[in-house]
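Overview (structure and organization)
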Amino acid sequence: IIFTMQTGFALVEAGVIRSKNEVNIMMKNVVDVCMGGLGFYIYGFGLMFGRGEWNNPFFATGDFFVNAKVGDPLMAQVFTFYFFQMSFATTSTTIVSGACAERFRFTAYCLFSFVNTFVYSVAAGWVWGEHGFLRSLGVVDFAGAGPIHVVGGAAALTACIFIGPRTGRYDKGTKSLPMGSPMNACIGLFILWWGWIGFNAGSSYGVTQGRWQYAARAGVGTALATMGAGCFSILFSMAKNNGKKVDVFEVISGVLASLGEKYDDFNELN
């Protein structure tokens, strides 16, 4: 389910930029999975959850090039956990492709996608890895508000500061630019809406031992948050435009902004 979010991000990003750059942004989302996922396989998973003897509070070691032999009682858990966490890692990088749309060379982005996985994995390990110093201080992050969205957002902000705005972006003030395909953007929103329920509810890592209760709460909480945000965004956009129209991008942004959901009482299960 989480993996389908790449489709949603790609459609949203392609829908809000100029039509001539649609293919470029789509390929960058492909790169997020290919380069970012490969990086996570080679070193990312090991930096987050490695069980090596050189582990320290800042990064783990071991379990690089993720593998588990047939017959290993933990084989299913290792591979399932890898794929789940890989989907998280590529999502963090995708935040940057949207923020830097239309002003990032494709070859440079390929390199960035591979390297950004390293940054994400180290930071995420601080919170979710058994070695992490933030985890040892009592930090609980249910579904990635810190490791995914803060790290991805910080990387996006840094990139935007370096490369600047799109050419001609503010020639006519700060008014929103025309969207290349509002329909694609809305379809992408619905896919992300669906995917984020899996994102948040799935972070309970199962339904046994009472975990289904937290999965259910996360799912309902996510749905309610987006409903409220959507209603507010529509009213805000109508008020901003004197009741004459609703800005599609403002509504999409409002719903997406509400889709981070976490529950601190999840640590009761640990």
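Keep in mind that what you see is a predicted model, and the values were worked out from it rather than measured.

1. Digging into the overall build of the protein
- Looking only at helices and strands, the protein features 9 helices and 0 strands.
- Moving toward the C terminus, one meets the helices and strands of the protein in the order α-α-α-α-α-α-α-α-α.
- Overall, the protein is about 60 × 40 × 35 Å in size when its C-alpha atoms are taken along their principal axes.
- Counting every position in the protein, which comprises 270 residues, the buried fraction comes to 45%.

2. Some details on the nonpolar core
- One finds Phe88, Tyr120, Trp128 and Phe199 to be the most contacted residues of the largest nonpolar core, which totals 37 residues.
- Mapped by element, the contributors of at least two residues to this core are α1 (5-16), α2 (22-49), α3 (75-99), α4 (106-128), α7 (182-201) and α9 (248-257).
- The biggest single contributor to this core is α3, with 6 residues.
- If we skip the residues at most four places from it in the chain, Tyr120 touches Met48, Gln85, Phe88, Ala89, Ser92, Trp128, Pro147, Ile148 and Val151.
- Grouped together as the second largest cluster of nonpolar side chains are 10 residues, Val31, Val96, Phe104 and Ala159 included.

3. Considering the packing of aromatic side chains
- Using the criterion set out here, one finds 23 aromatic pairs in the structure.
- When the ring of Phe40 is compared with that of Tyr82, the centres are 5.9 Å apart and the planes differ by 20°; the resulting orientation is stacked. In this pair, Phe40 is assigned in helix α2 and Tyr82 in helix α3, connecting sequence segments 42 residues apart.
- Members of the aromatic cluster, joined through ring pairs, are Phe40, Tyr41, Phe45, Phe49, Phe65, Phe81 and Tyr82.
- When the ring centre of Tyr109 is taken as reference, the NZ or CZ atom of Lys28 above it lies at 5.8 Å.

4. What about the packing of α2 against α4?
- One can describe the packing of α2 onto α4 by two numbers: an axis separation of 8 Å at closest approach and a directional angle of 40°. In terms of orientation, α2 lies oblique with respect to α4. Two packed elements cross with a definite hand, and for α2 against α4 that hand is right-handed.
- Of the residues belonging to the contact of α2 with α4, the class tally is 19 nonpolar, 8 polar and 2 charged.

5. A few points about helix α6 (residues 145-163)
- With 19 residues, α6 should cover 27 Å at 1.5 Å per step; its first-to-last C-alpha distance of 26 Å lies within 8% of that length.
- Residues of α6 that are buried: Pro147, Ile148, Val151, Gly152, Ala155, Ala156 and Ala159. Relative to the axis of α6, the buried residues are bounded by an arc of 130° and lie together on one face. Looking at α6, the residues exposed on the side facing more than 90 degrees away from the buried face are Val150, Leu157 and Ile161.
- Of the residues flanking the end of α6, it is Gly164, one or two places downstream, whose phi is positive at about 75°.

6. Digging into the pattern of salt bridges
- What the rule picks out here adds up to 4 salt bridges.
- Across the salt bridge formed by Asp63 and Arg51, the nearest N and O atoms sit 2.9 Å from each other. Taken as a pair, Asp63 in the loop between α2 and α3 and Arg51 in the loop between α2 and α3 lie far apart in primary sequence, 12 residues in all.
- A salt bridge links Arg166 to Glu102; the nearest nitrogen and oxygen atoms lie 2.5 Å apart.

7. Here's the deal with the packing of α3 against α6
- Where α3 meets α6, the closest approach of the two axes is 8 Å, and the angle between their N-to-C directions is 30°. Classified by the angle their axes make, α3 and α6 are roughly parallel. You can see that α3 and α6 cross each other, and the crossing is right-handed. On the side of α3, the interface is formed by Phe88, Thr91, Ser92, Ile95, Val96 and Ala99, while α6 contributes Pro147, Ile148, His149, Val151, Gly152, Gly153, Ala155, Ala156, Ala159 and Cys160.
- Residues of the contact of α3 with α6, tallied by class, amount to 11 nonpolar, 5 polar and no charged.

The rules behind each value
- Residues numbered from 1 in each chain as written.
- Predicted model: local features only at pLDDT ≥ 70, side-chain atom pairs only at ≥ 80, totals over all residues.
- Heavy atoms only, no water.
- Helix = DSSP H or I, 4+ residues; strand = E, 2+ residues; numbered from the N terminus.
- Buried < 20%, exposed > 50% of the residue type's maximum accessible area, 1.4 Å probe, protein only.
- Core = buried A, V, L, I, M, F, W, Y, C linked by side-chain atoms within 4.5 Å.
- Contact = heavy atoms within 4.5 Å.
- Phe/Tyr/Trp six-rings, centres within 6.5 Å; stacked < 30°, edge-to-face > 60°.
- Lys NZ or Arg CZ within 6 Å of the ring centre and 35° of its normal.
- Axes fitted to C-alpha atoms, helices over the stretch in contact; angles between N-to-C directions.
- Parallel < 35°, antiparallel > 145°, perpendicular 65-115°, else oblique.
- Left-handed = near helix turned anticlockwise from the far one by under 90°.
- Nonpolar A, V, L, I, M, F, W, Y, C, P; charged D, E, K, R; others polar.
- Expected span 1.5 Å × (residues − 1).
- Arc of directions from axis to C-beta.
- Salt bridge = Lys/Arg side-chain N within 4 Å of Asp/Glu carboxyl O.

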